[in-house]
Amino acid sequence: MSSLVGPDEDSPFEKKPAVPDEVQEAIRTLIRWSGDDPEREGLLDTPKRVARAWKEYCQGYGEDPAIHLSRVFEEVGGYDEVVLLKDIPFQSHCEHHMAPIIGKAAIAYLPRDHVVGISKLARVLQGYARRLQIQERLTAEVAECIWTHLKPHGVAVVIEASHACMSARGVRTPGVSMITSRMMGTFLEDERSRKEVLSLMGY
Ligand SMILES: Nc1nc2c(ncn2[C@@H]2O[C@H](COP(=O)(O)OP(=O)(O)OP(=O)(O)O)[C@@H](O)[C@H]2O)c(=O)[nH]1
Ligand SMILES: [Zn+2]
C-alpha cells in the first residue's frame, strides 16, 4: 500500500521510471541501518523517491557531454578574444561519501575560427557534474572536453565549491570553499593571458 495517492509509473498522467525491487530493497536496508523503520507509513514510498532522485543526480552517465559542442558558429566577425561564462551554478556528488558538492564554475576559451553557443559550456559542465565526482576530475574533464572538441587556442576552467561531506559530517567545517583550476594552451603557456582570464573570472 502506498502512503500517498499520486502519479507513479502506472499513472497515465506522469510517467516516472520504474524502480527495480533490488534498488528499493537496498534503500530499505540503508533506512533500517540508519535506525528507522522502512515499513512505517511516511517511509513507504521513500525507496522509490530516493532511487529516482539518484537517477536524476547521476543523469550525466546517460550522456556524452561532447555532443553539446558539435554545433559551432563560424561567422564571428573576426572575434578572437576570450569568451568567458562565469558563475555557472552546479551540483554534483562526491564519490567518497555520495554527499552534495555545490558550487559555481567559470569556463573560458580562446576561439580558433569558430565559437559555440554559450549555453553549451554550461551543458558540458552539467554533463560531468551529474555523476559521482571529485572536484579535480570534474574540472579536468570539462577542460579536456572543450579542448578536444572545440580545438580552441586556450581553455581555462575554475571551479569553486563546498562539499557537504566536510560541512555536514566528518570534520564538520562549514563555510569552506575548494578551488580547482585547469589551464590549457595559451592560458597555460602565456602568463599574461592566464592573468587576464583569471582577472575576468574575478580571481
Ligand atoms: N581531493 C578531493 N577530496 C575530496 C573531494 N570530495 C571529498 N573529498 C575528501 O575525500 C576524503 C576521503 O577520505 P577518507 O579518509 O577515505 O574518508 P573519511 O574517513 O570519511 O574522511 P573524513 O571526511 O575526513 O571523515 C576526505 O578527506 C574528503 O574531504 C574532492 O572533490 N576532492
Ligand atoms: Zn565526500
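Remember, predicted model here, so these are calculated numbers, not experimental data. (Residues numbered from 1 in each chain as written. Chains lettered and ligands numbered in written order. Predicted model: local features only at pLDDT ≥ 70, side-chain atom pairs only at ≥ 80, totals over all residues.)

Asker: Any chance you could break down the UniProt feature "binding site: Zn(2+)" (unreviewed entry) in the protein chain for me, citing the residues and the numbers?
Answerer: As annotated by UniProt and renumbered to match this structure, "binding site: Zn(2+)" (unreviewed entry) occupies Cys94, His97 and Cys165. Judged by maximum C-alpha separation, these annotated positions cover 72 residues in sequence but sit close together in space, the widest gap being only 7.9 Å. Relative to the helices and strands, Cys94 is located in strand β2 (residues 83–94). Those residues within four positions of Cys94 in sequence are excluded, and the remaining contacts are Ala99, Ile101, Gln133, Ile134, His163 and Cys165. (UniProt positions renumbered as here; feature names shortened; annotations may be inferred. Helix = DSSP H or I, 4+ residues; strand = E, 2+ residues; numbered from the N terminus. Contact = placed C-beta atoms within 7 Å.)

Asker: How would you sum up the site of ligand 1? Please name residues and give values.
Answerer: Neighbouring ligand 1 are the residues Cys94, His96, Ile134, Gln135, Glu136, His163, Cys165, Met166, Gly170 and Val171. Secondary-structure elements contributing two or more residues to the shell around ligand 1 are α4 (135–150) and α5 (164–167). Taken together, the residues of the shell around ligand 1 sort by class into five nonpolar, four polar and one charged. (Near = placed C-beta within 6 Å. Nonpolar A, V, L, I, M, F, W, Y, C, P; charged D, E, K, R; others polar.)

Asker: Outline the sheet that holds strand β5 (residues 132–133), listing residues and values.
Answerer: Pairing between the strands of a sheet comes from backbone hydrogen bonds, and it takes one of two forms, parallel or antiparallel. Taken together, the five strands give an open sheet; going across it, the order is β5-β2-β3-β6-β7, and neighbouring strands pair in mixed fashion. The open sheet is flanked by β5 and β7 (178–185), the only strands paired with a single partner. Packed onto the sheet, helix α3 (residues 118–129) meets β2, β3 (100–110) and β5 and runs at close to 20° relative to β2. The sheet strands contacting helix α7 (residues 191–201) are β2, β3, β6 (154–163) and β7, and the helix crosses β2 at an angle near 70°. (Pairing = 2+ DSSP bridges. Axes fitted to C-alpha atoms, helices over the stretch in contact; angles between N-to-C directions.)

Asker: Explain the UniProt feature "domain: GTP cyclohydrolase I" (unreviewed entry) in the protein chain residue by residue, including any values.
Answerer: Residues annotated by UniProt as "domain: GTP cyclohydrolase I" (unreviewed entry) correspond here to residues 24–201. This span, residues 24–201, is 39% helix and 26% strand, and a straight line between its end C-alpha atoms measures 44 Å.

Asker: Residues and numbers for the pairing of β3, please.
Answerer: The two faces of a sheet get side chains in turn, since along a regular strand they alternate between them. Burial within β3 is extensive, with eight of its eleven residues counted as buried. With nine bridges connecting them, β2 and β3 associate as antiparallel partners. Residue pairing across strands places Gln91 opposite Ile102, the latter belonging to β3. If you look at the hairpin formed by β2 and β3, you'll find five residues sitting between the two strands, and Met98 has a positive phi there, around 55°. Note that β3 and β6 share ten bridges and pair antiparallel. (Buried ≥ 20, exposed ≤ 12 C-beta atoms within 10 Å, placed from the backbone.)

Asker: Describe the environment of Phe90, naming the residues involved and giving the relevant values.
Answerer: With respect to the helices and strands, Phe90 occurs in strand β2. The exposure class of Phe90 is partly exposed, given the 19 C-beta atoms found within 10 Å. Through-space distance from the C-alpha of Phe90 to that of Gly103 is 5.6 Å; in sequence the pair is 13 residues apart. Discounting residues that sit within four places of it in the chain, Phe90 has contacts with Gly103, Ala105, Leu125, Gln126 and Ala129.

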